Amino acid sequence: MPLGPTILERLNRARADLRMGVPVVLTHAEGAALVVAAEAVDAPRLAGMRAMGGELALAITDRRATTLKARAYDGDLARIAVPGDAPMAWLRAVADPARDLDAPMKGPFHSLRGGPASLHRAAIRLAKSAHLLPAALVLPVADGPALATAEGLTLIDMGLAGPALELAAPLAPVVSARLPMAAAEKGRLHIFRPGDGSEEHYAIEIGQPPRDAPVLARLHSACFTGDVLGSLKCDCGPQLHAALEQMGAEGAGVLLYLNQEGRGIGLANKMRAYRLQDQGFDTVEANHRLGFEDDERDFRIGAGILRQMGFGAVRLLTNNPAKCRMLEANGIAVTERVPLRVGQTRHNAAYLATKAAKSGHLL
Ligand SMILES: Nc1nc2c(ncn2[C@@H]2O[C@H](COP(=O)(O)OP(=O)(O)OP(=O)(O)O)[C@@H](O)[C@H]2O)c(=O)[nH]1
Ligand SMILES: [Zn+2]
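Residues numbered from 1 in each chain as written. Chains lettered and ligands numbered in written order. Predicted model: local features only at pLDDT ≥ 70, side-chain atom pairs only at ≥ 80, totals over all residues.

- The protein is annotated in an unreviewed UniProt entry as GTP cyclohydrolase-2 from Frigidibacter albus.
- The record held by UniProt for the protein lists under Sequence similarities (unreviewed entry) the comment "Belongs to the GTP cyclohydrolase II family."
- Under the UniProt heading Function (unreviewed entry), the entry covering the protein gives this text: "Catalyzes the conversion of GTP to 2,5-diamino-6-ribosylamino-4(3H)-pyrimidinone 5'-phosphate (DARP), formate and pyrophosphate." (UniProt positions renumbered as here; feature names shortened; annotations may be inferred.)

Encoded structure:
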């Protein structure tokens, strides 16, 4: 009966489980494993996993492993053996760099070598997409489906879910309504909802841009601190308002407000990055120490929304040439890059310089 959750919906359930600290069961041709997020697991569940026996490993990314001076034998990730007596504080400290500088010697770490790592890789992907730290406890188990049934845990066949984990869920328009704004009176807000129930994204349409000509467009990534609080650490708020004003002045445009806070790592992780920046690391180094890439955003989402709205070509307001390339790669022609240089402050001068030096932004 087609009543049960699809693989995409199961993946989203698994994200909710991980955020609650509830383990999930992943299976693959090579076996099965119990997986729980390192930052969310509690002591009773850790004890429960230990009591099951087997080789308990903490999967972390190669980025985090580099900071910890642990060997990443699996290339993009390391499987750190969890010592039998390691307390919760050890787990949290390996996962979270907050106290790296206070207590730098957490090792030596024993990285597992050989044997399958694809469930560990999937566990990290899931944790990242749940906006958790990319660190997961992974315990191989003999009979995954039986364990999931007995304990009422979410079971995911990664053989089926693997490709879905890399895809953004398809978006459907939910509603749109007129929204006069200070910057542009002729505004309309459209809401798009992913089929797996994950976070919605928004499109703000100004005027009635013709669909057969390049539209003035901005793909704006959510920045609670900049957009709402007026943070001086970045240029997001002034960019948001300047883009809307330019669209208002031209009488037409579309601004996508994509809920990809912190370049896709979520607000909690962005604040972890800010704490590291207060210790002297730049925006890129902070992401790496946390175990993330510099930019974890998926720009296919923005391309998909533009296509659904009938736009095939844009004049893109951005200083980030990578955004132009990603849109082009996803079927949206970028006929012009329109620079958006506003909001420089003494607080964000170093941030903007780092983006220019390391992320290819144009000053
Ligand atoms: N991880 C992380 N994210 C940040 C930081 N500062 C701002 N952000 C996020 O970065 C995103 C904005 O990206 P930017 O790199 O400023 O700009 P861009 O979108 O790549 O390029 P433009 O189109 O030129 O603005 C938003 O999601 C912000 O929340 C930071 O220090 N660390
Ligand atoms: Zn910002």
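This is not the end of the story, as more comes after the structure.
## Concerning the site of ligand 1
Turning to step 1, where the next piece is worked out: Taken together, 22 residues form the shell around ligand 1, and within it Ser221, Cys223, Thr318, Asn319 and Asn320 come nearest.
Turning to step 2, where the next piece is worked out: Looking at the shell around ligand 1 element by element, the count peaks at three residues for helix α10 (residues 261-264).
Turning to step 3, where the next piece is worked out: Taken together, the residues that form the shell around ligand 1 break down as seven nonpolar, 10 polar and five charged. (Near = placed C-beta within 6 Å. Helix = DSSP H or I, 4+ residues; strand = E, 2+ residues; numbered from the N terminus. Nonpolar A, V, L, I, M, F, W, Y, C, P; charged D, E, K, R; others polar.)

## Remarks on the nonpolar core
Turning to step 1, where the next piece is worked out: Formed by 57 residues in total, the largest nonpolar core has its most connected members in Leu26, Leu58, Ala123, Ala127, Ala136 and Leu137.
Turning to step 2, where the next piece is worked out: Beyond its immediate stretch of four places on either side in the chain, Ala127 contacts Leu18, Ala37, Leu132, Leu133, Pro134, Ala135 and Ala136.
Turning to step 3, where the next piece is worked out: By size, the runner-up hydrophobic cluster in this structure holds 35 residues, among which are Leu240, Val254, Ala303 and Ile332. (Core = buried A, V, L, I, M, F, W, Y, C linked by C-beta atoms within 7 Å. Buried ≥ 20, exposed ≤ 12 C-beta atoms within 10 Å, placed from the backbone. Contact = placed C-beta atoms within 7 Å.)

## Observations regarding the packing of helix α11 (residues 267-278) against helix α12 (residues 283-290)
Angle between the axes and distance between the axes: these two values describe a pair of packed helices.
Turning to step 1, where the next piece is worked out: Interhelical geometry of α11 versus α12 gives an angle of 120° and a closest axis separation of 9 Å. For α11 against α12, the interelement crossing comes out right-handed. In this structure, α11 contributes Asn269, Arg272, Ala273, Leu276 and Gln277 to the contact, and α12 contributes Thr283, Ala286, Asn287, Arg289 and Leu290.
Turning to step 2, where the next piece is worked out: Residue composition of the contact of α11 with α12, grouped by class: four nonpolar, four polar and two charged. (Axes fitted to C-alpha atoms, helices over the stretch in contact; angles between N-to-C directions. Left-handed = near helix turned anticlockwise from the far one by under 90°.)

## Some points on the sheet that holds strand β4 (residues 77-81)
Turning to step 1, where the next piece is worked out: On the basis of which strands lie adjacent, the open sheet formed by six strands has the order β4-β3-β5-β2-β1-β6 and mixed pairing. Each having just a single partner strand, β4 and β6 (155-157) make up the two edges of the open sheet. If you compare each strand with its neighbour and ignore which way they point, the axes differ by 30° on average.
Turning to step 2, where the next piece is worked out: Pairing between strand β1 (residues 24-28) and strand β2 (residues 31-37): five bridges, direction antiparallel. Bridging across to β2, Val25 finds its partner in Leu34.
Turning to step 3, where the next piece is worked out: On the sheet, helix α5 (residues 118-129) packs against β1, β2, β3 (57-61), β4 and β5 (135-141) and is oriented at approximately 145° with respect to β5. (Pairing = 2+ DSSP bridges.)

## Thoughts on the UniProt feature "domain: GTP cyclohydrolase II" (unreviewed entry) in the protein
Turning to step 1, where the next piece is worked out: As annotated by UniProt and renumbered to match this structure, "domain: GTP cyclohydrolase II" (unreviewed entry) occupies residues 175-339.
Turning to step 2, where the next piece is worked out: Helix makes up 38% of residues 175-339 and strand 25%, whereas the separation of the span's terminal C-alpha atoms amounts to 31 Å.

## Let's talk about the domain arrangement of the protein
Turning to step 1, where the next piece is worked out: If you check the domain split of the protein, you get domain 1 (7-166) and domain 2 (171-260 + 297-359).
Turning to step 2, where the next piece is worked out: Placing a centre on the C-alpha atoms of domain 1 and another on those of domain 2 gives a separation of 35 Å.
Turning to step 3, where the next piece is worked out: Residue-level contacts link four residues of domain 1 with four residues of domain 2. (Domains from an automatic or database assignment.)

## A closer look at the UniProt feature "active site" (unreviewed entry) in the protein
Turning to step 1, where the next piece is worked out: The feature "active site" (unreviewed entry), as annotated in UniProt, sits at Asp295 and Arg297 in this numbering.
Turning to step 2, where the next piece is worked out: When you line up the elements, Asp295 lands in the loop between α12 and α13 (300-308).
Turning to step 3, where the next piece is worked out: With sequence-adjacent residues up to four places away left out, Asp295 is seen in contact with Arg263, Gly264 and Ser359.
Turning to step 4, where the next piece is worked out: Ignoring sequence-local partners within four residues, the contact set of Arg297 consists of Ser221, Gln260, Arg263 and Gly264.

## Structural notes on the sheet that holds strand β11 (residues 253-258)
Turning to step 1, where the next piece is worked out: Ordered in space as β7-β8-β9-β11-β10-β12-β13, the seven strands form an open sheet in which the pairing is mixed. Of all strands in the sheet, those with a lone pairing partner are β7 (171-178) and β13 (333-338), marking the two edges. Recorded for the sheet is a direction-independent mean angle of 25° between the axes of neighbouring strands.

## Points about unusual backbone geometry
Turning to step 1, where the next piece is worked out: For His131, which is not glycine, the phi dihedral falls at a positive 60°.
Turning to step 2, where the next piece is worked out: Positionally, His131 belongs in the loop between α5 and β5.
Turning to step 3, where the next piece is worked out: With a phi angle near 55°, Arg263 is a residue other than glycine that sits in the positive phi range.
Turning to step 4, where the next piece is worked out: Secondary-structure assignment places Arg263 in helix α10.
Turning to step 5, where the next piece is worked out: You can call Arg263 buried: it has 20 C-beta atoms within 10 Å.

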